[in-house]
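Structure at a glance
Spelled out, the chains give:
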Amino acid sequence: MIVVTGATGKVGGELVRLLAAAGEQVTAVSRRPAPLPDGVRHHAADLGEPAGLKAAFDGADALFLLVAGQEPQAILEAAEAGGIGRVVLLSSQGAGTRPEVYGHPAAFEEAVRGSGLEWTILRPGGFHSNALAWAEPIRAHRTAAAPFGDVALPTVDPADIAEVAAVALREGGHAGRTYTITGPRALTPRDRAAAIGAALGAEVRFAEQTREEARGQMSRFMPEPIVEGTLAILGTPTPAEQQVSPDVTRVLGRAPRSFADWAARNVAAFR
């Protein structure tokens, strides 16, 4: 049995679907229930309260772990006690490139490496699906706003992250590996707005925000240190953050999905 935490998220929801379709027994862990494939068991729990995870972990073999809560060691001890021998951690590229800012995922990585379990760490960059923040203004005004309009980053499709996770959970050969997960090419925010316009068959105007405007918007839903770290990545990325990683191709045997492909599949959100 495979336990998937964060089972209602962009990556976790797709991972549950992939595992169920492959015939795996799956326990989906989230704070609130959501529609699940037939045969998938739901367990209501919060990673911030590791004691509540025991029933989800009992009898399982593998765990997909989200970075959430403040006690990674307690979560991993509960997993081992339940019989889990393999863990795949969804971390962040920032844990490697800016650990001083992304200390939370870095702490989870350290705990996973020291757990004694078989582990694989996934470090995605920004998600294609972050563009859903533009859905309402594109529907209303055919406008997308973002800072640093001409700085390119290789964002990734959450479906590719889920597919890499499914392989690492189900197959051998991935123990002790840290995979950087990116898309197939670096695109600017201006490029991504144009790709959504192409999917819609209508022009989408790009409006460049100032750093202060972007900070004010992000501060509504992000802690201040993460706001500053995110703005630094978006505005002054390191060479590693701009580099296209070969890891999706190595694991899946195909190129990562493009932003244009993601936009075409999700175009209804912008209509």
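Relevant structure appears above.
Since this is a predicted model, take the numbers as computed values, not measurements.

Turning to the overall build of the chain, a few remarks are in order. A tally of regular secondary structure across the chain gives 13 helices and nine strands. A globule of 271 residues ought to have a C-alpha radius of gyration of about 18 Å, and the chain, at 19 Å, matches this closely. Taken along its principal axes, the extent of the C-alpha atoms in the chain is 55 × 40 × 35 Å. Sorting the 271 residues of the chain into buried and exposed places 49% on the buried side.

The packing of two helices is summarised by the inter-axis angle and the distance between the axes. Orientation of helix 9 (residues 211-218) relative to helix 10 (residues 224-235), taken along the N-to-C sense of each, is 140°, at an axis distance of 10 Å. Relative to helix 10, the element helix 9 lies oblique. The handedness of the crossing between helix 9 and helix 10 comes out as right-handed. Packed against helix 9, whose contacting residues are Arg-211, Ala-214, Arg-215 and Met-218, the element helix 10 presents Glu-224, Val-227, Glu-228, Thr-230, Leu-231, Ala-232 and Leu-234 at the interface. Of the residues that constitute the contact of helix 9 with helix 10, the class distribution is six nonpolar, one polar and four charged.

The strands that make up a sheet pair up through hydrogen bonds in the backbone, lying either parallel or antiparallel. Spatially, 3-2-1-4-5-6-8 is the arrangement adopted by the seven strands of the open sheet, whose pairing is parallel. With one partner strand each, in any of the chains shown, strand 3 (41-44) and strand 8 (177-181) form the two edges of the open sheet. The mean angle between the axes of side-by-side strands here comes to 20°, regardless of whether they run parallel or antiparallel. With four bridges connecting them, strand 2 (residues 26-30) and strand 3 associate as parallel partners. Within the sheet, the bridge partner assigned to Ala-28 lies in strand 3 and is His-42. Helix 1 (residues 10-21) contacts strand 1 (2-5), strand 2, strand 4 (62-66) and strand 5 (86-90) of the sheet and is inclined by roughly 160° relative to strand 1. Lying on the sheet, helix 5 (residues 103-113) is in contact with strand 4, strand 5, strand 6 (118-124) and strand 8; it crosses strand 6 at an angle near 160°.

This paragraph deals with the nonpolar core. Residues Val-4, Leu-15, Phe-64 and Leu-122 are the most contacted members of the largest nonpolar core, which totals 29 residues. Elements with a minimum of two residues in this core: strand 1, helix 1, strand 2, strand 4, strand 5, helix 7 (158-170), strand 8 and helix 12 (247-252). Examining the composition of this core, we find that eight residues originate from one element, helix 7, more than from any other. The contacts of Leu-122, once residues within four sequence positions are left out, are Val-88, Leu-89, Leu-90, Ser-91, Ser-92, Ile-161, Val-164, Ala-165, Tyr-179 and Ile-181. Listed in part, the 23 residues of the second largest apolar core include Val-3, Ala-45, Ile-75 and Leu-76.

A few words now on helix 5. For helix 5, every residue scored as buried is listed here: Pro-105, Phe-108, Glu-109, Ala-111 and Val-112. Viewed along the axis of helix 5, the buried residues span an arc of 165°, placing them on a single side of the element. Those residues of helix 5 that are buried lie in contact with strand 4, helix 3 (72-81), strand 5, helix 4 (94-97) and strand 6.

A separate point is the packing of helix 1 against helix 7. Two elements in contact, helix 1 and helix 7, have axes separated by 8 Å at closest approach and are oriented at 50°. Judged on the interaxial angle alone, helix 7 and helix 1 are oblique. Helix-helix and strand crossings are classified by hand; for helix 1 and helix 7 the assignment is right-handed. For the pair formed by helix 1 and helix 7, the contact residues are Lys-10, Val-11, Glu-14, Leu-15, Leu-18 and Leu-19 on the first element and Pro-158, Ala-159, Ile-161, Ala-162, Glu-163, Ala-165, Ala-166, Leu-169 and Arg-170 on the second. Residue composition of the contact of helix 1 with helix 7, by class: eleven nonpolar, no polar and four charged.

Right, let's get into the side chain of Thr-155. Here Thr-155 is to be found in the loop between strand 7 (143-147) and helix 7. We classify Thr-155 as buried; its relative accessible area is 11%. Within the structure, the side chain of Thr-155 is placed 2.9 Å from the side chain of His-128, a separation counted as a polar contact. Once you skip the residues sitting within four places of it in the chain, Thr-155 turns out to touch Gly-126, Phe-127, His-128, Thr-182, Gly-183, Arg-192 and Phe-259.

Attention shifts here to the pairing of strand 1. Burial along strand 1 is two-sided: Ile-2 and Val-4 and Val-3 and Thr-5, pointing in opposite directions, are all buried. Two elements, strand 1 and strand 2, share four bridges in a ladder whose sense is parallel. Within the sheet, the bridge partner assigned to Ile-2 lies in strand 2 and is Val-26. Where the polypeptide runs from strand 1 across helix 1 and back to strand 2, its parallel neighbour, the crossover connection is right-handed. Pairing analysis gives three bridges linking strand 1 to strand 4, with the strands arranged parallel. Its bridge partner lying in strand 4, Ile-2 is registered against Ala-62.

Here is what the cut-offs are and how they apply
Residues numbered from 1 in each chain as written. Predicted model: local features only at pLDDT ≥ 70, side-chain atom pairs only at ≥ 80, totals over all residues. Heavy atoms only, no water. Helix = DSSP H or I, 4+ residues; strand = E, 2+ residues; numbered from the N terminus. Rg over C-alpha atoms; globule rule 2.2 N^0.38 Å. Buried < 20%, exposed > 50% of the residue type's maximum accessible area, 1.4 Å probe, protein only. Axes fitted to C-alpha atoms, helices over the stretch in contact; angles between N-to-C directions. Parallel < 35°, antiparallel > 145°, perpendicular 65-115°, else oblique. Left-handed = near helix turned anticlockwise from the far one by under 90°. Contact = heavy atoms within 4.5 Å. Nonpolar A, V, L, I, M, F, W, Y, C, P; charged D, E, K, R; others polar. Pairing = 2+ DSSP bridges. Core = buried A, V, L, I, M, F, W, Y, C linked by side-chain atoms within 4.5 Å. Arc of directions from axis to C-beta. Polar contact = N/O pair within 3.5 Å; in protein donor to acceptor, adjacent residues only side chain to side chain. Right-handed = clockwise from strand over helix to strand, strands pointing away.

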